[in-house]
Amino acid sequence: MTPIHIALAVLVAFIWGVNFTFIAWALESFPPLMLTAMRFFFTAVPLVLFLKPPTFNRTLFIYAIGTFVLQYAFVFTAMHLGASAGLTALLLQMQIFITVLLAYVLLGETVSHKQIIGMVIGVLGLGVIALNLGGDMPLVGFICILIAAIGWSFGNIASKQVSKQVSKPSNINTTQQDAGATPVSSAHSKNKTAALSALALVVWGGLIACVILTLSSLIFETDAWQLTTFTEASLKSCLSLGFIVYISTLIGFGLWAHLLAQNTASKVMPFALLVPIFGMATSVLLTGEVVTWWKLLAMVLILSGLILANVKIGFRRKAVHT
């Protein structure tokens, strides 16, 4: 990765980590389902008018429901019920372990011994949090975040399937139309197409999620749908909603899609391990979250497990010349 790409990857991790604090501030004025619905409404509109929709099939709906509806609705609900921003950012990373298991069961992908050891270490970190429920992490919030992690994991699997569906026809078109193109221009075209496809997936998936979440909010948060909810919302909550929509979702996902288009996933994904670190640090600095010994222990265990399971560490032997 180039220095610019490394800087962008760190920036995205920082944005996503800080985002948990902005969620906490937005929840001061809006109930969780309504806030999630508004997030994806403004994510989708007006970009749906300019981005070509992906193929509407079961995989797209699983992606939208898993990644957007289940993940964010339950994360926002957990934080509404008292889960701190820092612990939420940390606990949500369990989705990486769940994704590995789902990929093994549903897609037949192999799981290495190193990944299994990493999962065991991560579960120990999960156990540390479970033994200290209450206060910053109520039991209901703990369950909600685990449901969110499971939903995100199913969304990850669906995202991989959607990417395969998109890449097959694009490869054929590239071969037919760009037979005389240079390798550099062809690669640039593929990267641009991949980035736009990823952004379209977020925008159109967000539109699907918005419809589902709005209906859910109307059912479960009926009293909140009053004019006073919007007129009495604080400026801090409104600005936080703007950050969640335009900085975290559109810019964050857009930059991440660009990085994945320009680099291999194995080089980009480890930077996501910085998200809970930034999330915990900003929660401590901006919301006054207290760091305890068990939070630090849980963070060390979960991040150690994630690093062991996802970061390839190799030692090359030096060639011996005779």
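Before reading further, recall that the structure is shown in the block above.
Below: a short report on this structure. (Residues numbered from 1 in each chain as written. Predicted model: local features only at pLDDT ≥ 70, side-chain atom pairs only at ≥ 80, totals over all residues. Heavy atoms only, no water.)

Now for the nonpolar core. Soluble globular proteins tend to bury their nonpolar side chains together. Ranked by internal contacts, the top residues of the largest apolar core, which has 80 residues, are Phe 20, Leu 35, Leu 91, Ile 129, Met 137, Leu 213 and Trp 256. Excluding residues that lie within four positions of it along the chain, Ile 129 makes contacts with Leu 87, Leu 90, Leu 91, Met 137, Phe 142, Trp 294, Ala 298 and Ile 302. (Core = buried A, V, L, I, M, F, W, Y, C linked by side-chain atoms within 4.5 Å. Buried < 20%, exposed > 50% of the residue type's maximum accessible area, 1.4 Å probe, protein only. Contact = heavy atoms within 4.5 Å.)

A few words on the pattern of salt bridges. Under the defined criterion, the tally for this structure stands at 3 salt bridges. Of the charged contacts in the structure, one is a salt bridge between Glu 28 and Lys 236, with a shortest N-O distance of 3.4 Å. With Glu 28 in the loop between helix 1 (3-26) and helix 2 (32-44) and Lys 236 in helix 10 (residues 235-262), this pair connects stretches of sequence that are 208 residues apart. Taking relative accessible area as the criterion, Lys 236 reaches 37% and is therefore assigned partly exposed. A salt bridge links Lys 295 to Asp 136, with the nearest nitrogen and oxygen atoms 2.4 Å apart. (Salt bridge = Lys/Arg side-chain N within 4 Å of Asp/Glu carboxyl O. Helix = DSSP H or I, 4+ residues; strand = E, 2+ residues; numbered from the N terminus.)

This part is about the packing of helix 5 (residues 95-106) against helix 6 (residues 113-130). It is the contact of helix 5 with helix 6, at a shortest axis distance of 10 Å, that shows an interaxial angle of 140°. By the criterion of interaxial angle, the relationship of helix 5 to helix 6 is oblique. Considering only the axes of helix 5 and helix 6, their crossing is left-handed. Seen from helix 5, the contacting residues are Phe 97, Val 100 and Leu 101; seen from helix 6, they are Gln 115, Gly 118, Met 119 and Gly 122. (Axes fitted to C-alpha atoms, helices over the stretch in contact; angles between N-to-C directions. Parallel < 35°, antiparallel > 145°, perpendicular 65-115°, else oblique. Left-handed = near helix turned anticlockwise from the far one by under 90°.)

Before going further, it helps to spend a moment on the packing of aromatic side chains. Any two aromatic rings considered together are summarised by their centre-to-centre distance and by the angle between their planes. Going through the model one piece at a time under the given rule, you end up with 11 aromatic pairs. Ring geometry for Phe 22 versus Phe 243: centroids 4.0 Å apart, planes at 15°, classification stacked. Here Phe 243 lies in helix 10 and Phe 22 lies in helix 1, a separation of 221 residues in the sequence. Summarising the burial analysis for this pair, Phe 22 and Phe 243 share the class buried. Ring plane angle 70° and centroid distance 6.2 Å describe the contact between Tyr 72 and Phe 76, whose orientation is recorded as edge-to-face. Of this pair, Tyr 72 and Phe 76 both sit in helix 3 (residues 58-80), 4 residues apart, which is roughly one turn of that helix. The same class applies to Tyr 72 and to Phe 76, which are both buried. By way of ring pairs, the aromatic residues Phe 40, Tyr 63, Phe 68, Tyr 72 and Phe 76 are connected into one cluster. (Phe/Tyr/Trp six-rings, centres within 6.5 Å; stacked < 30°, edge-to-face > 60°.)

Relative to the 33 Å expected for 23 residues at 1.5 Å per residue, helix 3 spans 31 Å between its end C-alpha atoms, a close match to the ideal helical length. At Ile 65, helix 3 shows its largest kink, close to 30°. With its phi angle positive at about 120°, Gly 82 sits one or two positions after the end of helix 3. (Expected span 1.5 Å × (residues − 1). Bend = angle between axes of the 7 residues up to and from the residue.)

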